[in-house]
Amino acid sequence: MKLGIVGLPNVGKSTLFNSLTKAGAESANYPFCTIDPNVGVVAVPDERIQLLGKMYNSKKITPAVIEFVDIAGLVKGASKGEGLGNQFLANIREVDAIVHVVRCFEDSNVVHVDGSVDPLRDIETINLELIFADIEVLERRLSKQTKAANNDKKAAKEVEMLKRLIAHLEGGNLAIAFETQDEDEEEWFKSYNLLTAKPVIFAANVAEDDLADDGASNEHVKKVREYAAGNGSEVFVICAQIEQEIAELDDDEKAMFLEDLGLKESGLDKLIKASYKLLNLMSFLTAGEDETRAWTIKIGTKAPQAAGKIHTDFERGFIKAEVVNYKDLLELGSLAAAREKGLVGMEGKDYVVKDGDVILFRFNV
């Protein structure tokens, strides 16, 4: 899973990026990997694989990972090259979802780029930049397909859709709200990889005092939640400053620190939950002496396609999946004991994988 973090300057975006990547790397003992200065890979904390790994004495425990891309320089005019806009906007074309950090705290020491705190205005500013960037991509495509349309009915059909889509965006609407009319249009739409077609998670960045009630008494957060509810987005409340402090602590200290603040989970945990929910994802597990591992798949994935996540040969030669719930496996202490109790199912091609399934795939290539 790949998430792009956007936001205006001074909203806490880079603080959040730095603390998330550091915290995520340490909490799961996964090497923090910097692909370039603004990309970080973070392990998804998952107690299930830790417990299974202990049970199997696994040589290696491999968590699912999330890649964060920090988009710097996104200011008014970014789509026209203001700040460092264009080069960074290109970086998020490939992400699965956008994490939009919105400032919901008042602090006279931290200057807001527009002079006052107004999360809805900030959301609109970023949305417009993303819309302008999308229009630019679509106009280039339109120009190309218009030339082809004279001799090609399909190209002519795409031209009509492109005109509708551009008009939709020019009306200040996001591409995610655009309705395609048939399979051709759906395919073209996906191929454009539009920024405003991506699902969004809003990170409402609040002061420490607003964390305990999850921002319920913060008027700015209320506005962000209302906006998100009307646009099919997720919201999580975070204090980037606190996340930065947590990032320096080990697991035990972190737990105590969160407890002192009256919090059950860190910002990273909240973000992971929000992203899995928004993108309709879950994890199945594989376990053994060599490796215990979490694999991220879409909810509703069938067994052969889940096997394909491990290796294409597993999907191609799929025979059966031996499936047990991780809780049953841990409780009984071995796969053999779970089999004896009749808790291991031999599942075929139509089996829909469930969150927390521990699977042994049988295949023949």
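Structure: see above.
All values derive from a computational prediction rather than experimental measurement.

Visitor: Even after reading the chapter, I still don't get the side chain of Arg93, so can you show me in this structure?
Guide: By the secondary structure assignment, Arg93 is in the loop between helix H3 (85–91) and strand S6 (97–103). With a relative accessible area of 14%, Arg93 lands in the buried category. Side-chain polar atoms of Arg93 contact the side chain of Asp134, separated by 3.1 Å. The contacts of Arg93, once residues within four sequence positions are left out, are Ala133, Asp134, Val137, Asn193, Leu194, Leu195 and Lys198.

Visitor: So what exactly am I meant to see when it comes to a negative patch on the surface here?
Guide: On the surface, a cluster of negative charge is made up of Asp250, Asp251, Asp252 and Glu253. You can see Asp252 is positioned in helix H9 (residues 251–260).

Visitor: I tried to follow the packing of helix H5 (residues 153–170) against helix H6 (residues 183–192) on my own but got confused; where do I start?
Guide: How two helices pack is summed up by the angle between their axes together with the distance between the axes. The geometry of H5 relative to H6 is characterised by a closest axis approach of 11 Å and an angle of 65° between their N-to-C directions. Crossing hand, H5 versus H6: right-handed. Contact residues: Lys154, Lys157, Glu158, Met161, Leu162, Arg164 and Leu165 in H5; Asp184, Glu185, Trp188, Phe189 and Tyr192 in H6. Partitioning the contact of H5 with H6 into residue classes produces six nonpolar, no polar and six charged.

Rules used in this analysis
- Residues numbered from 1 in each chain as written.
- Predicted model: local features only at pLDDT ≥ 70, side-chain atom pairs only at ≥ 80, totals over all residues.
- Heavy atoms only, no water.
- Helix = DSSP H or I, 4+ residues; strand = E, 2+ residues; numbered from the N terminus.
- Buried < 20%, exposed > 50% of the residue type's maximum accessible area, 1.4 Å probe, protein only.
- Polar contact = N/O pair within 3.5 Å; in protein donor to acceptor, adjacent residues only side chain to side chain.
- Contact = heavy atoms within 4.5 Å.
- Patch = residues over 30% accessible without salt bridge, like charges linked within 9 Å, V, L, I, M, F, W, Y side chains within 5 Å.
- Areas by Shrake-Rupley, 256 points an atom, 1.4 Å probe, with all protein chains shown as cover.
- Salt bridge = Lys/Arg side-chain N within 4 Å of Asp/Glu carboxyl O.
- Lys, Arg positive; Asp, Glu negative; His and termini not counted.
- Charge placed at Lys NZ, Arg CZ, Asp CG, Glu CD.
- Axes fitted to C-alpha atoms, helices over the stretch in contact; angles between N-to-C directions.
- Left-handed = near helix turned anticlockwise from the far one by under 90°.
- Nonpolar A, V, L, I, M, F, W, Y, C, P; charged D, E, K, R; others polar.

Without other data, these values stay purely geometric and don't point to any function.
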